[in-house]
Amino acid sequence: MEQRADHVVTIEKMKMKDLDEVMEVERQCFTTPWSRYSFVCELKDNQLSHYIVAKHSDRVIGYAGMWIILDEAHVTNVGVLPEYRGEGVGEFLMRSLIAAAKERGANKMTLEVRKSNYVAQNLYTKLGFEPVGIRRGYYQDDKEDAVLMLKEPL
C-alpha cells in the first residue's frame, strides 16, 4: 500500500469485475486501446500473464500487465488515469510488477515505450531499465518507433 498526502493507493490482482474501469483507463491512455476481449483472454486463458490494478477508494485508477516466459518478464502495458499522473501511481505499479516478476523466477524484464514518451522513459530509467534497441514503426496507429528497454538483473 502506498500512502499519498490526500489518498491511499492499493495494488491488487486484476479481476474480471475490474474490466469496466480498466477499459476506461485504457481509453483515456491510448490512441489504439486494447479490446475488452483482449483483457478477458489475458485474465482467463493466458497462463503466462500477470495483471494488476491500482485502486483509490475502490476505483481503478491505473493498471499494468506482463507476461513471464521462462526467466524473462515482458511488460505488455501500463496505464494511469490522467488526473493521477505525476503522483507516483505508475512507479508503484511498475515496482509491483518487478516484485511479482522476481517472485515468479524472472531475472530480467523488457518493455517497449514510444520514442516520444519521455516521461515514461524517465520513469523506466529511474527503475533501472536501459535502452537496448529501437523497434521501427512499432505503433500501428502512427508508425512511431518504440524504444526497447531492458532491466537485468531484476
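Our subject is the structure that appears above.
The structure presented is a predicted model; accordingly, all values stated were derived computationally and were not measured. (Residues numbered from 1 in each chain as written. Predicted model: local features only at pLDDT ≥ 70, side-chain atom pairs only at ≥ 80, totals over all residues. Heavy atoms only, no water.)

Peer 1: In this structure, what is going on with the nonpolar core? I would like to understand it.
Peer 2: Taken as a class, soluble globular proteins show a tendency for nonpolar side chains to be buried jointly. Counting residues in each nonpolar core, the largest one holds 42 residues, and the members touching the most others are M94, M109, Y124 and F129. Elements that contribute at least two residues to this core include exactly α1 (19–29), β3 (49–56), β4 (59–69), β5 (72–80), α3 (89–103), β6 (108–114), α4 (118–126) and β8 (146–151). Among the elements that line this core, the one with the most residues is α3, at eight residues. For M94, the contacting residues outside a window of four places in its chain are V75, V78, M109, L111, L123, Y124, L127 and F129. (Core = buried A, V, L, I, M, F, W, Y, C linked by side-chain atoms within 4.5 Å. Buried < 20%, exposed > 50% of the residue type's maximum accessible area, 1.4 Å probe, protein only. Helix = DSSP H or I, 4+ residues; strand = E, 2+ residues; numbered from the N terminus. Contact = heavy atoms within 4.5 Å.)

Peer 1: Please explain the packing of aromatic side chains as it appears in this structure.
Peer 2: The geometry of an aromatic ring pair is captured by the separation of the ring centres together with the interplanar angle, meaning the angle of the planes. According to the stated counting rule, one finds six aromatic pairs in the structure shown. Between W34 and F39, the aromatic rings sit 5.2 Å apart at their centres with planes inclined by 50 degrees, giving tilted as the arrangement. Across from the ring centre of Y139, 4.1 Å away, lies the NZ or CZ of R114, which sits over that ring. (Phe/Tyr/Trp six-rings, centres within 6.5 Å; stacked < 30°, edge-to-face > 60°. Lys NZ or Arg CZ within 6 Å of the ring centre and 35° of its normal.)

Peer 1: What is the right way to read the packing of α3 against α4 from this model?
Peer 2: Packed helices, taken two at a time, are described by the angle their axes make and the gap between the axes. Orientation of α3 relative to α4, taken along the N-to-C sense of each, is 45 degrees, at an axis distance of 11 Å. As far as their axial angle goes, α4 and α3 are oblique. Here α3 runs over α4; the crossing is right-handed. Only L123, Y124 and K126 of α4 make contact with α3, whose side of the interface consists of G90, E91, M94 and R95. Residues that form the contact of α3 with α4 fall into these classes: three nonpolar, one polar and three charged. (Axes fitted to C-alpha atoms, helices over the stretch in contact; angles between N-to-C directions. Parallel < 35°, antiparallel > 145°, perpendicular 65-115°, else oblique. Left-handed = near helix turned anticlockwise from the far one by under 90°. Nonpolar A, V, L, I, M, F, W, Y, C, P; charged D, E, K, R; others polar.)

Peer 1: Looking at this model, I keep getting lost on the packing of α1 against helix α2 (residues 36–44). Mind explaining?
Peer 2: Interhelical geometry of α1 versus α2 gives an angle of 125 degrees and a closest axis separation of 10 Å. Overall, the two elements α1 and α2 adopt an arrangement that is oblique. Classified by chirality, the crossing of α2 by α1 is right-handed. The residues of α2 that touch α1, namely those facing L19, D20, V22, M23 and E26, are R36, F39, V40 and L43. Residues belonging to the contact of α1 with α2 are distributed by class as follows: six nonpolar, no polar and three charged.

Peer 1: Looking at this structure, I do not really get α3. What am I missing?
Peer 2: One turn of an α-helix holds 3.6 residues; hence residues three or four places apart share an orientation. With 15 residues, α3 extends 21 Å from end C-alpha to end C-alpha; this agrees with the ideal 21 Å at 1.5 Å per step. The buried fraction of α3 is high, at 11 of 15 residues. Positive backbone phi, at 90 degrees, marks G105, one or two positions downstream of α3. (Expected span 1.5 Å × (residues − 1).)

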